[in-house]
Amino acid sequence: MLNNYLFMDEIKVKVKDLSLYYGASQALKKISMEIPEKKVTAFIGPSGCGKSTFLRTLNRMNDLIDNVTIEGEVIIDNTNIYDKNIDVVNLRKKVGMIFQKSNPFAKSVYDNIAFGPRINGIKQKSVLDEIVERSLRQAAIWDEIKDRLFNSALGLSGGQQQRLCIARTLAVNPEIILMDEPASALDPISTSKIEELIQELKKEYTIIIVTHNMQQAARTSDLTAFFYMGDLVEMNKTEIIFSNPAKKQTEDYISGRFG
């Protein structure tokens, strides 16, 4: 079921027959899809349908879970990320992840952002200063916290912490940003800021977002994929999924008849 939505864009991620098992239990069933570059792709579906599990296959976060078996291919820029010779640390630099609950380090705002660049060998203060400011500006939070750079990140509000985590991801120059329910713990104003930020970031990054919030998927994404019970039921341009889905299952879920 590859690319029936025909964006005239480069394909950034191509998934072929991806299955995932937790022990003997199959959580993902032969998922195939293509994700275009510099667009927002949303994954929707009821809880437990596999969308977050699938998201984590795109930067091999499931490697951290015991007893997981993965079959199939995830090809990013013509490289299968499940090849044995892949450097997973470099992969996760290229494919950053924002989690549902913001997870700033118990350090200053500045040290949160500088953490990744320092690990990658950047020590010069002027360069780090530049990265910190650029990343916070990109995450649309610089003006709010530029006078608090050396205060603890844990003192920021929930919405600010989440944008700080986005800035921390941006600091290592990713190409793809995975977002797992990035606004589900936030108030409506903070949610709106995250959604505006997503629209700004897609000019430079490929963004893939898992959301339970159907309105959020409709507002923020170019493409929507509907998952159910480990299957990819349907994927298409967002306006088509929400106005004229091909599958009754999709229509029932979007209209609130189940899930």
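Scroll up to find the structure.
Rules used throughout
Residues numbered from 1 in each chain as written. Predicted model: local features only at pLDDT ≥ 70, side-chain atom pairs only at ≥ 80, totals over all residues. Heavy atoms only, no water. Helix = DSSP H or I, 4+ residues; strand = E, 2+ residues; numbered from the N terminus. Rg over C-alpha atoms; globule rule 2.2 N^0.38 Å. Buried < 20%, exposed > 50% of the residue type's maximum accessible area, 1.4 Å probe, protein only. Contact = heavy atoms within 4.5 Å. Areas by Shrake-Rupley, 256 points an atom, 1.4 Å probe, with all protein chains shown as cover. Lys, Arg positive; Asp, Glu negative; His and termini not counted. Charge placed at Lys NZ, Arg CZ, Asp CG, Glu CD. Pairing = 2+ DSSP bridges. Core = buried A, V, L, I, M, F, W, Y, C linked by side-chain atoms within 4.5 Å. Salt bridge = Lys/Arg side-chain N within 4 Å of Asp/Glu carboxyl O. Axes fitted to C-alpha atoms, helices over the stretch in contact; angles between N-to-C directions.

K.L.:
Please clarify how the overall build of the protein chain should be interpreted in this entry.
P.N.:
Helices and strands together make up the secondary structure of the protein chain, namely 10 helices and 10 strands. Relative to a compact globule of 259 residues, whose C-alpha radius of gyration would be 18 Å, the protein chain shows 18 Å and is just as compact. Its C-alpha atoms put the protein chain at 55 × 45 × 35 Å along the principal axes. The buried share of the protein chain, taken over its 259 residues, is 52%. Here the analysis covers contacts within the protein chain between residues at least 6 apart in sequence; of these, 68% occur between residues at least 24 apart. Accessible area for the protein chain stands at about 12,200 Å²; split by element, carbon and sulfur atoms hold 49% of it. Each charge sign in the protein chain was given a centre, from 33 positive and 33 negative side chains, and these centres are 3 Å apart.

K.L.:
What's the story with the sheet that holds strand β5 (residues 79-80) in this structure? I'm lost.
P.N.:
Two strands in a sheet stick together by hydrogen bonds in their backbones, pointing the same way (parallel) or opposite ways (antiparallel). If you trace the four strands from one edge of the open sheet to the other, you get β2-β1-β4-β5, paired in antiparallel fashion. The open sheet has two edge strands, β2 (25-36) and β5, and neither has a second partner.

K.L.:
Whenever I open this one, the nonpolar core confuses me. Can you help?
P.N.:
A general trend in soluble globular proteins is that nonpolar side chains are found buried together. Of all hydrophobic cores here, the largest spans 40 residues; its most connected members are V109, L136, I166, I177, M179, L201 and I207. Counting 31 residues, the second largest nonpolar core, distinct from the first, contains I31, F43, C49 and V210.

K.L.:
Would you mind showing me how to read the pattern of salt bridges here?
P.N.:
Side chains carrying opposite charge are able to pair once their charged atoms draw close together. Counting across every chain of the model gives 17 salt bridges. A salt bridge links D77 to K12; the shortest N-O distance between them is 3.0 Å. With a gap of 65 residues between them, D77 in the loop between β4 (68-76) and β5 and K12 in strand β1 (residues 11-22) connect regions that are remote in the sequence. Residue classification places D77 among the partly exposed residues on the basis of a relative accessible area of 31%. A salt bridge links E175 to K12, with the shortest nitrogen-to-oxygen separation between them at 2.5 Å. Here the residue E175 occupies a position in the loop between α6 (158-170) and β7 (176-180), and K12 occupies one in strand β1, the gap between them amounting to 163 residues. For E175, a relative accessible area of 33% puts it in the partly exposed group. It is possible to trace a salt-bridge network through shared partners that takes in K12, E37, D77, K94 and E175.

K.L.:
So what exactly am I meant to see when it comes to the sheet that holds strand β8 (residues 206-210) here?
P.N.:
Taken together, the six strands give an open sheet; going across it, the order is β6-β7-β8-β3-β9-β10, and neighbouring strands pair in mixed fashion. The open sheet has two edge strands with one neighbour each: β6 (95-98) and β10 (231-237). Taken pair by pair, the neighbouring strands of this sheet meet at an average axis angle of 15 degrees, ignoring direction. The pairing of strand β3 (residues 40-44) with strand β9 (residues 223-228) spans four bridges and is classified as parallel. Bridge assignment links A42 to a residue of β9, and that residue is T224.

K.L.:
Would you mind showing me how to read helix α3 (residues 109-119) here?
P.N.:
Residue pairs spaced three or four apart in an α-helix point in one direction, given the helix's 3.6 residues per turn. Listed as buried for α3 are V109, Y110, N112, I113, A114, G116 and P117. On the buried face of α3, the contacting elements are α4 (125-138), α5 (142-145) and α6. Phi turns positive one or two residues past the end of α3, at G121, with a value near 95 degrees.

K.L.:
Explanation requested: the environment of A114 in the structure shown.
P.N.:
Mapped onto the secondary structure, A114 falls in helix α3. Sequence-wise, A114 and V172 are 58 residues apart; in three dimensions their C-alpha atoms are separated by 9.0 Å. For A114, the residues in contact, after removing those within four places along its chain, are L128 and V132.

K.L.:
What is the right way to look at the environment of E239 in this model?
P.N.:
Along the polypeptide, E239 turns up in helix α9 (residues 238-243). Residues E239 and A218, 21 residues apart in the sequence, show an inter-C-alpha distance of 7.3 Å.

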